[in-house]
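Working through the structure, step by step
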Amino acid sequence: MDLTPESIRNALHLVDLHGWDGADGRALLECVRRAVVVPAVRRSGLRGPVADQAEASGWEAAWDALRRPSARTAVNPGGMVWVAVRRAVAAEGQLFRGPGPGSALGPSPSVSLDHLVASGWQPGCAPRADGEELGPAVCAVVAALVEAGWERLDAVDAIAIMADTAARARTGAPATRWRWASLRIGIPEWQVRRLAALLLGGSDWSGVLALCVAHGPGVIDDPDVRCAVGSTARRSSAGPRTWLASWGGGGSEMRIA
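1. As for the overall build of the chain
A count of helices and strands for the chain gives 12 helices and 4 strands. Within the chain, the fraction of its 257 residues that count as buried is 51%. Pairs at least 24 apart in sequence give 62% of the contacts found in the chain among residues at least 6 apart.

Pasting the structure below:
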């Protein structure tokens, strides 16, 4: 089987009829183990018994996510599972390695967003909701997103995924796979697209990370910046560019694709 939303919902319907010990329940869990848990552990860089424990924790987290009533109605139940597994594996890595640059989901050589790095993001670090592994600028942005209505872990995961999938376009401008973040976490595309624009800015305007680097994390308290952050949680609001363009140029151009 695959892990499309329809396939997962169909499998969960059969699980409701026959239980997790039935053939359909076992098939779903095995598919999740192969397609989500094992790759997450491999990517973590963990080895030996620690990797085995991370796989067990990830598998348990996946099962817990699938057992929730929300898995039956979620737009992207597979994304819910992926996020749960990612967090469980990251937690095992932190227990094994302790806090600091090594407590990670593994190296992310594709991270090339200059403003993420300059603002304190540590490439390869698994950001945590308590902010301990976020730099001051990223932490300030996350706090503002939470005040605007984001779930903290969703905001951190979205930023982490966009950083992990960042690359440079042929023009040299940073590009990030915001649609991938939307798919993985189950957040609407418009919302993650606005978050990407908020973070990186455009060809003639600066994103909040560039502003934080230039002016300090306190720039988040500016009324226009607050409105830009809020626009990522309110579809009816004008997008980040409307609120941040007044800050002038100097931002990194982002490819919206």
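2. Overview of the packing of helix H6 (residues 136-148) against helix H11 (residues 223-230)
Between H6 and H11, the least distance of the axes is 9 Å, while the angle of their chain directions is 65°. In terms of orientation, H6 and H11 fall into the roughly perpendicular class. At the point where H6 passes H11, the crossing takes the right-handed sense. Judged by residue contacts, Ala144, Leu145, Glu147 and Ala148 of H6 engage Arg226, Val229 and Gly230 from H11. Here the residues of the contact of H6 with H11 sort into 4 nonpolar, 1 polar and 2 charged.

3. Let's talk about the pattern of salt bridges
Taken as a whole and assessed by the stated rule, the structure comprises 8 salt bridges. Of the charged contacts, one joins glutamate 55 and arginine 33 as a salt bridge, the two residues approaching to 3.3 Å between their closest N and O atoms. Here arginine 33 lies in helix H2 (residues 23-44) and glutamate 55 lies in helix H3 (residues 48-67), a separation of 22 residues in the sequence. Judged by its relative accessible area of 26%, arginine 33 is partly exposed. One continuous salt-bridge network, built from bridges that share partners, spans Glu30, Arg33, Arg34 and Glu55.

4. Notes on the packing of helix H8 (residues 178-185) against helix H9 (residues 189-200)
Their axes nearest at 9 Å, the elements H8 and H9 cross at an angle of 135°. Comparing their axes, H9 and H8 come out oblique. The element H8 and its partner H9 pack so that their crossing is right-handed. Between H8 and H9, the contacting residues are Trp178, Arg179, Ala181 and Ser182 on the first element and Glu189, Val192, Arg193 and Ala196 on the second.

5. Some points on the nonpolar core
Core analysis: the biggest nonpolar cluster contains 64 residues, and Leu66, Leu145, Leu195 and Leu199 have the highest contact counts within it. Contacts of leucine 145, omitting those with residues within four sequence positions, involve Trp150, Ala155, Ile159, Leu195, Leu198, Val229 and Thr232.

6. Examining helix H1 (residues 5-18)
Taking 1.5 Å as the rise per residue, H1 with 14 residues should run 20 Å; its terminal C-alpha atoms sit 20 Å apart, in good agreement. For H1, the full list of buried residues reads Ile8, Ala11, Leu12 and Val15. With its buried residues spanning 100° around the axis, H1 presents them on a single face. Of the residues in H1, the exposed ones pointing more than 90 degrees away from the buried face are Glu6 and Leu17. Looking one or two residues past H1, glycine 19 carries a phi angle of roughly 85°, positive in sign.

7. Things to note about the environment of valine 37
When you line up the elements, valine 37 lands in helix H2. Judged by its relative accessible area of 0%, valine 37 is buried. Sequence-wise, valine 37 and alanine 61 are 24 residues apart; in three dimensions their C-alpha atoms are separated by 9.4 Å. Setting aside chain neighbours within four positions, we find valine 37 in contact with Val32, Glu55, Gly58, Trp59 and Val85.

8. Concerning the environment of arginine 226
Its location among the elements puts arginine 226 in helix H11. Distance from arginine 226 to tryptophan 243, taken between C-alpha atoms, is 8.7 Å for residues 17 residues apart in sequence. Among all residues touching arginine 226, those that are not within four sequence positions of it are Ala144, Glu147, Ile220 and Asp221. A polar contact of 3.1 Å, which involves the side chain of arginine 226, links it to the side chain of aspartate 221.

9. A look at H11
Three or more residues of H11 are buried, namely Val225, Ala228, Val229 and Gly230. The inward-facing, buried residues of H11 contact H6, H9, helix H10 (208-215) and helix H12 (240-244). The backbone nitrogen of aspartate 224 lies 2.9 Å from a side-chain oxygen of the residue at the head of H11, namely aspartate 222.

10. Here we look at the packing of aromatic side chains
Overall, the coordinates contain 2 aromatic pairs when judged by the stated rule. The interplanar angle of 85° and the centroid separation of 6.2 Å between the aromatic rings of tryptophan 20 and tryptophan 63 together place this pair among those described as edge-to-face. Of the two residues, tryptophan 20 is situated in the loop between H1 and H2 and tryptophan 63 in helix H3; the sequence distance between them amounts to 43 residues. Take tryptophan 20: its relative accessible area is 17%, and that puts it in the buried class. Between tryptophan 59 and tryptophan 63 the ring centres are 5.9 Å apart and the planes differ by 40°, which places this aromatic pair in the tilted class. Taken as a pair, tryptophan 59 and tryptophan 63 lie in helix H3 at a separation of 4 residues, close to a single helical turn. Taken together, the ring pairs in this structure connect Trp20, Trp59 and Trp63 into an aromatic cluster. Cation over ring: arginine 67 sits above tryptophan 63, and NZ or CZ is 4.1 Å from the ring centre.

Basis of the calculations
Residue positions are given per chain, counted from 1 along the sequence in the order it is written. Confidence filtering applies because this is a predicted model: local features only for residues at pLDDT of at least 70, side-chain atom pairs given and counted only at 80 or more, and all residues used for totals across whole chains, interfaces and linings. Only hydrogens and water are removed before side-chain values are computed, so all heavy atoms of the structure are retained for them. Counting from the N terminus, the helices are DSSP H or I runs at least four residues long and the strands are E runs at least two residues long. Burial here depends on accessible area, computed with a 1.4 Å probe over protein chains only, as a share of the maximum for the residue type. Under 20% is buried, over 50% is exposed, and the range in between is partly exposed. Two residues qualify as a contact provided that any one of their heavy atoms is within 4.5 Å of a heavy atom in the partner residue. For helices, the fitted line uses only the C-alpha atoms of the stretch in contact; every axis is such a line through C-alpha atoms, and the angle between N-to-C directions lies from 0 to 180 degrees. Angle categories: roughly parallel below 35 degrees, roughly antiparallel above 145, roughly perpendicular from 65 to 115, and oblique for all the rest. Helix crossings are classified by the rotation of the near helix relative to the far one: an anticlockwise turn of less than a right angle makes the crossing left-handed, while a clockwise turn makes it right-handed. Residues were grouped as follows: Ala, Val, Leu, Ile, Met, Phe, Trp, Tyr, Cys and Pro as nonpolar; Asp, Glu, Lys and Arg as charged; and all remaining residues, including Gly, as polar. Criterion for a salt bridge: a side-chain nitrogen of Lys or Arg within 4 Å of a carboxyl oxygen of Asp or Glu. Buried residues of nine kinds, namely Ala, Val, Leu, Ile, Met, Phe, Trp, Tyr and Cys, make up a nonpolar core once their side-chain atoms join them within 4.5 Å. To estimate the expected span of a helix, subtract one from its residue number and multiply by 1.5 Å. Each C-beta atom gives one direction from the helix axis, and the arc is the one those directions make. N or O atoms within 3.5 Å of each other form a polar contact, as long as, within protein, one can give a hydrogen and the other can take it, and as long as residues adjacent in sequence are counted only when both atoms are side-chain atoms. Classification of ring pairs rests on two measures: the distance between centres of Phe, Tyr or Trp rings, Trp counted by its six-membered ring, which must be within 6.5 Å, and the angle between planes, read as stacked under 30 degrees, edge-to-face over 60 and tilted in between. Whether a charge sits over a ring depends on NZ of Lys or CZ of Arg being within 6 Å of the ring centre and within 35 degrees of the ring normal.

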